[in-house]
Amino acid sequence: MGKVRNILQGKGNVVFSVAPTVTVYKAIELMSLKNIGGLLITDDQGHLLGIFTERDYARRLILKGKSSKDTLIGEIMTENPVTVSPDNSIEDCMKTMTNRFIRHLPVVDDGELVGMISIGDVVRYIIEEQRGIIEDLEFYITGHHQ
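Residues numbered from 1 in each chain as written. Predicted model: local features only at pLDDT ≥ 70, side-chain atom pairs only at ≥ 80, totals over all residues. Heavy atoms only, no water.

As named in an unreviewed UniProt entry, the chain is CBS domain-containing protein, taken from Ohtaekwangia kribbensis.

As structure tokens, this is what we get:
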């Protein structure tokens, strides 16, 4: 099975992040614009401080009766999120996501934030990997291309 770096090579190392001083409203606006379900919170040097997801929005803002325009993202983000390195296996990521009930994993390499993968990225990777295996087996069995 592949590594996190294989997913990042396919999707790129683009990281959408905001400072902890941004309002929740602005963060949700960015998430909507970029069609993403999770946003990383970083300091001025780009160091990871936390993560904010749609789930955080529902549970930590809406259910507590807070206003997205008056609440800073740093107040409701998940601090010290679980991270992975580019060398982690996709299988390990699946286990972590399943066991911890999380859908996003920031990717940190030697202390530097280099990307983020989602459960959707993991599923797409596995499907493509299995498709390749099936094609290889068909070629092996038939001895020629279909």
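Visitor: Give me the lowdown on the pairing of strand β6 (residues 112–118), citing residues and values where you can.
Guide: Regular strands have side chains that alternate between both faces of the sheet. Here β6 lies mainly inside the structure; six of its seven residues are buried. Sheet analysis places strand β5 (residues 104–109) next to β6, joined by six bridges and oriented antiparallel. Following the sheet pairing, H104 is matched in β6 by S118. (Buried < 20%, exposed > 50% of the residue type's maximum accessible area, 1.4 Å probe, protein only. Helix = DSSP H or I, 4+ residues; strand = E, 2+ residues; numbered from the N terminus. Pairing = 2+ DSSP bridges.)

Visitor: Which residues make up the UniProt feature "domain: CBS" (unreviewed entry) in the chain, and what values do they have?
Guide: Summarizing the sequence annotation, UniProt attributes the feature "domain: CBS" (unreviewed entry) to residues 9–68 and 77–133 in the numbering used throughout. The span residues 9–68 shows a helical share of 38% and a strand share of 22%, and its end C-alpha atoms are spaced 35 Å apart. Span residues 77–133 is 46% helix and 26% strand, its end C-alpha atoms 40 Å apart. (UniProt positions renumbered as here; feature names shortened; annotations may be inferred.)

Visitor: Before we move on, can you summarise the nonpolar core with the specific residues and values?
Guide: The biggest cluster of nonpolar side chains holds 13 residues, and the ones touching the most others in it are V4, V107, I117 and V122. Within the second largest apolar cluster, 12 residues are counted, among which are V24, L39, L61 and I73. (Core = buried A, V, L, I, M, F, W, Y, C linked by side-chain atoms within 4.5 Å.)

Visitor: Tell me about the side chain of H104, and please be specific about residues and values.
Guide: Among the secondary structure elements, H104 is positioned in strand β5. Among the residues examined, H104 registers a relative accessible area of 16% and is labelled buried. Here H104 is in contact with G37, G38, I51, T53, M97, M116, I117 and S118, once residues within four sequence places are set aside. (Contact = heavy atoms within 4.5 Å.)

Visitor: Break down the sheet that holds strand β1 (residues 17–18) for me, with residues and values.
Guide: Strand order in the open sheet formed by four strands is β1-β2-β3-β4, and the pairing between neighbours is mixed. Strands at the two margins of the open sheet, each flanked by one partner only, are β1 and β4 (78–79). Along the sheet face, helix α3 (residues 54–62) touches β3 (48–53) and β4 and points at about 80° away from the line of β3. (Axes fitted to C-alpha atoms, helices over the stretch in contact; angles between N-to-C directions.)

Visitor: Pulling in residues and values, what's your account of the layout of surface pockets?
Guide: The computed volume of the largest pocket comes to approximately 430 Å³. Surrounding the largest pocket, 16 residues form its lining, T53, R55, D56, F101 and I102 being those nearest its centre. Of all the secondary structure elements, the ones that give two or more residues to the lining of the largest pocket are β3 and α3. In terms of residues, the lining of the largest pocket owes the most to one element, α3, which gives five residues. Of the volumes computed, that of the second largest pocket is approximately 230 Å³. (1 Å grid on protein atoms, 1.4 Å probe; cavity = no way out; pocket = protein on both sides within 12 Å on 5 of 7 lines; lining within 4 Å. Points joined across faces, edges and corners; volume = space filled by probe spheres on them.)

Visitor: Please provide a residue-by-residue account of the pattern of salt bridges, values included.
Guide: Per the counting criterion, the structure on display carries seven salt bridges. The shortest N-O distance in the salt bridge between R5 and D87 comes to 2.5 Å. With R5 in helix α1 (residues 4–11) and D87 in the loop between β4 and α5 (90–100), this pair connects stretches of sequence that are 82 residues apart. Overall, R5 belongs to the partly exposed group, its relative accessible area being 34%. Here K95 makes a salt bridge to E91, at a shortest N to O gap of 4.0 Å. Of the two residues, K95 and E91 are both situated in helix α5; the distance of four residues between them amounts to about one turn of the helix. When its relative accessible area of 38% is taken as the criterion, E91 is described as partly exposed. (Salt bridge = Lys/Arg side-chain N within 4 Å of Asp/Glu carboxyl O.)

Visitor: How would you summarise unusual backbone geometry if you had to cite specific residues and measurements?
Guide: A positive phi angle, near 55°, is found at N35, a position not held by glycine. Tracing the chain through its elements places N35 in the loop between α2 (24–34) and β2 (38–42). The backbone phi angle of N80 is positive, close to 45°, even though this residue is not glycine. Mapped onto the secondary structure, N80 falls in the loop between β4 and α5.

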